[in-house]
2 protein chains.
Amino acid sequence: MTPELSPPRSPVRPGELDRTSPVPLYFQVATRLQELIENGEIGVGARIENEVDLAERLGVSRPTTRRAIQYLVERGMLVRKRGVGTQVVHPKVRRPVELTSLYDDLVAADRKPRTEVLALRVVPAPDTVADALELPRGTEVTWIERLRYAGGEPLALMHNAIPVDLIRLAVHDLADHGLYELLRRAGHVPRNATQVIGARPANAGEARVLQEKRGSSLLTMTRTAWDAGGRPLEYGSHVYRASRYSFEISVSAG
Amino acid sequence: MTPELSPPRSPVRPGELDRTSPVPLYFQVATRLQELIENGEIGVGARIENEVDLAERLGVSRPTTRRAIQYLVERGMLVRKRGVGTQVVHPKVRRPVELTSLYDDLVAADRKPRTEVLALRVVPAPDTVADALELPRGTEVTWIERLRYAGGEPLALMHNAIPVDLIRLAVHDLADHGLYELLRRAGHVPRNATQVIGARPANAGEARVLQEKRGSSLLTMTRTAWDAGGRPLEYGSHVYRASRYSFEISVSAG
DNA sequence: TTCGTCAGTTTGTCATGACAAAGTATTGAC
DNA sequence: GTCAATACTTTGTCATGACAAACTGACGAA
């Protein structure tokens, strides 16, 4: 029943820990373990060394080792069973570590994104937008309209609203970078978001800028994003060409 | 800048802890804190008592208190800042605790779901399905086709494949319960999933059963779900009427 | 006023030690 | 041979103690 009972490997060598570093010990251990797993040096299903031995061999305490392992358990790379041990789980279930934006995704997929900024101005927020951003109705927000290209073809028409006091945006910044990258650089790290994804036929204006036929299917997405403290960062209302794009989403419970 | 600096409340009273219970102390503390937060007895933005005092007052060690708080931090209810304290965050950003299925969602929204089972048989898995479920190509799987109604109207056409050795399914079970509920009841708890969401026009057959016009927009979703150990539980390929349904998704990083 | 310094508060990291609970493997009785 | 009891392994829980790092606010010097 038990998978390959390969002899527990030696995951991390003691010399690799740096006690003078500002990086916490548990994090150094976790990072090294993660590398070994991602490089396949500890195969899927294999058991890692038990906590007690690992701690002793590395010269750290058991709680420190435990915390390192726990860190990887929480992001779904390892599973622990009392009385059995700790095993590496299949890579597919691992949780994404950051909230990504379309631009980041396209860059990562080498699809050569380009952004055309259609509008950038400060306007009073419509009620739905103000409610989403938890601002008093009528508060002014930075309003952005962008056309996103990938591989030379139009892909999405994007509308965003951002609280004015959060960040000063310039057209050339938006042309060269994703919105989330700019927010992060300004110290506002998106951490939670709710998205509503739907579909509808394209109207005439959308069909024109997206080079689709009128009536063809579009994916729609409205999103509100918050930082770790629950502060609303961004409201977005976007349409994507369904013929060229789909959402890939990882969900994990617990 | 700081929100209401209400005096730190007394969140948990010492008498509420039961050291003879098999429920871990840290979990008892966490549960009680969670109740207080959800009941609004500790308001959004309010600071909770600091770790050291709380531990002393409850008669538990600081690590135990810390672990309780950490538990709530990880599910997004609390935020900690070194040198500042621990605050309650806005309810909107809290992470869902379970992977829900369409049926559960409809029940919760009181939209009176009904399910018509169109097919339930064992067939050799197509290659894409076998790959998704990590089975050898050609392995037999349980294949389900269902038509899901809500409020008397057709809503979605659903196709699922499930490893045969996982669960024995009966038509009447599927008619009365969601697939995830049945899986959970059989001891297979879905924990992670990847979904790909897209859109396309309806073909003739889909339009007929869903009572839509041919060519109207449909939402498509393919999903693979795994349990905590990384074992594939289910592959699904579904289409939804875009005019009646949209996906609401919470994403959280870290 | 403005800036830096310093003390105080609070969370973050780490070590050591102990016992409990769950699962596995072995042993022994029948 | 089968089954139950036992020993062993491994993770889970909890306590105590210590110091570090980040933030706040008050104070004082320029």
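Predicted, not measured: the structure shown is a model, and the values here were computed from it.

Engineer: Hey, could you run me through the pattern of salt bridges in this one?
Structural biologist: Pairing is possible between side chains that carry opposite charge, provided their charged atoms lie close to one another. Residues and elements named next belong to chain B. Using the criterion set out here, one finds 25 salt bridges over all chains in the structure. Between glutamate 51 and arginine 66 there is a salt bridge, with its nearest N and O atoms 2.6 Å apart. Highlighted residues: glutamate 51 in helix H2 (residues 51-58) and arginine 66 in helix H3 (residues 62-74), separated in sequence by 15 residues. Exposure remark for glutamate 51: the relative accessible area of 13% places this residue in the buried category. By relative accessible area, arginine 66 is classed as partly exposed at 33%.

Engineer: Can you walk me through the side chain of arginine 148 of chain A in this structure?
Structural biologist: With respect to the helices, strands and loops of the structure, arginine 148 of chain A is situated in strand S5 (residues 140-150). A relative accessible area of 1% places arginine 148 of chain A in the buried class.

Engineer: I tried to follow the protein's contact with DNA strand C on my own but got confused; where do I start?
Structural biologist: Lining the immediate environment of DNA strand C, one finds 25 residues, of which Arg19, Leu25, Thr64, Arg67 and Arg82 of chain A sit closest. What you see for DNA strand C is that sugar and phosphate hold 71% of its atoms within 4 Å of the protein. Residue arginine 82 of chain A places a side-chain N or O atom 2.7 Å away from a sugar or linking oxygen belonging to DNA strand C. The separation between a base oxygen of DNA strand C and a polar main-chain atom of glycine 83 of chain B is 3.1 Å. Elements supplying a minimum of two residues to the surface near DNA strand C: helix H1 (25-38) and helix H3 (62-74) of chain A together with H2, H3, strand S2 (78-81) and strand S3 (85-88) of chain B.

Engineer: I keep staring at helix H1 (residues 25-38) of chain B and nothing clicks. Help me out?
Structural biologist: Working note: α-helix, 3.6 residues per turn, so residues spaced by three or four point in the same direction. Residue and element names in this part refer to chain B. Over its 14 residues, H1 runs 20 Å from end to end, which matches the ideal 20 Å to within 8%, given 1.5 Å per residue. Burial in H1 covers these residues: Leu25, Gln28, Val29, Ala30, Arg32, Leu33, Gln34, Leu36 and Ile37. In this structure, the buried side of H1 is in contact with H2, H3, S2 and S3. One or two positions beyond H1, positive phi appears at glycine 40, with a value near 80°.

Engineer: Would you explain the packing of helix H2 (residues 51-58) of chain A against H3 of chain A in this entry?
Structural biologist: Each pair of packed helices can be summarised by the angle the axes make with each other and by the distance between the axes. All names here are of chain A. The geometry of H2 relative to H3 is characterised by a closest axis approach of 8 Å and an angle of 115° between their N-to-C directions. Regarding H2 and H3, the two cross each other, and that crossing is right-handed. Only Arg62, Thr65, Arg66 and Ile69 of H3 make contact with H2, whose side of the interface consists of Glu51, Val52, Leu54 and Ala55. Looking at the contact of H2 with H3 residue by residue, the classes come out as four nonpolar, one polar and three charged.

Engineer: Explain H2 of chain B to me, please; I cannot follow it from the model alone.
Structural biologist: Residue and element names in this part refer to chain B. The set of residues buried in H2 consists of Glu51, Leu54, Ala55 and Leu58. For H2, the angular spread of the buried residues around the axis is 100°, confining them to a single face. Check the buried side of H2 and you find it contacts H1, H3 and S2. Residue asparagine 50 occupies the N-cap position of H2, its side-chain oxygen lying 3.0 Å from the main-chain nitrogen of valine 52. Taken from the residues just after H2, glycine 59 is the one with a positive phi, measuring 75°.

Engineer: Looking at this model, I keep getting lost on the packing of H1 of chain A against H3 of chain A. Mind explaining?
Structural biologist: Residue and element names in this part refer to chain A. Viewed as axis vectors pointing N to C, H1 and H3 meet at an angle of 50°, and their least axial separation amounts to 8 Å. Taken together, the axes of H1 and H3 lie oblique to each other. Handedness of the H1/H3 crossing: right-handed. Along its contact with H1, which presents Leu25, Tyr26, Phe27, Val29, Ala30, Leu33 and Gln34, the element H3 presents Thr64, Arg67, Ala68, Ile69, Tyr71 and Leu72. Of the residues belonging to the contact of H1 with H3, the class tally is ten nonpolar, two polar and one charged.

Engineer: What's the story with the protein's contact with DNA strand D in this structure? I'm lost.
Structural biologist: Surveying the vicinity of DNA strand D reveals 25 residues, the closest of which are Arg19, Leu25, Thr64, Arg67 and Arg82 of chain B. Atoms of DNA strand D within 4 Å of the protein belong to the sugar or the phosphate in 69% of instances, the rest to bases. Note that a sugar or linking oxygen of DNA strand D is positioned 3.5 Å from one of the side-chain N or O atoms of arginine 82 of chain A. A distance of 2.4 Å separates a phosphate oxygen of DNA strand D from a polar side-chain atom of arginine 67 of chain B. Where the surface near DNA strand D is concerned, the elements lending two or more residues are H2, H3, strand S2 (78-81) and strand S3 (85-88) of chain A together with H1 and H3 of chain B.

Engineer: Teacher, can you tell me more about the sheet that holds S2 of chain B here?
Structural biologist: Within a sheet, adjacent strands bond to each other through the backbone by hydrogen bonds, running parallel or antiparallel. All names here are of chain B. Taken in spatial order, the three strands of this open sheet run S1-S3-S2, and their pairing is antiparallel. This sheet does not close on itself; its edge strands, each paired only once, are strand S1 (47-48) and S2. Pairing between S1 and S3: two bridges, direction antiparallel. In the strand pairing of S3, arginine 47 is matched with glutamine 87.

What counts and what doesn't
- Residues numbered from 1 in each chain as written.
- Chains lettered and ligands numbered in written order.
- Predicted model: local features only at pLDDT ≥ 70, side-chain atom pairs only at ≥ 80, totals over all residues.
- Heavy atoms only, no water.
- Salt bridge = Lys/Arg side-chain N within 4 Å of Asp/Glu carboxyl O.
- Helix = DSSP H or I, 4+ residues; strand = E, 2+ residues; numbered from the N terminus.
- Buried < 20%, exposed > 50% of the residue type's maximum accessible area, 1.4 Å probe, protein only.
- Near = heavy atom within 4 Å.
- Polar contact = N/O pair within 3.5 Å; in protein donor to acceptor, adjacent residues only side chain to side chain.
- Expected span 1.5 Å × (residues − 1).
- Contact = heavy atoms within 4.5 Å.
- Axes fitted to C-alpha atoms, helices over the stretch in contact; angles between N-to-C directions.
- Left-handed = near helix turned anticlockwise from the far one by under 90°.
- Nonpolar A, V, L, I, M, F, W, Y, C, P; charged D, E, K, R; others polar.
- Arc of directions from axis to C-beta.
- Parallel < 35°, antiparallel > 145°, perpendicular 65-115°, else oblique.
- Pairing = 2+ DSSP bridges.

Read these as layout, nothing more, since geometry by itself doesn't imply function.
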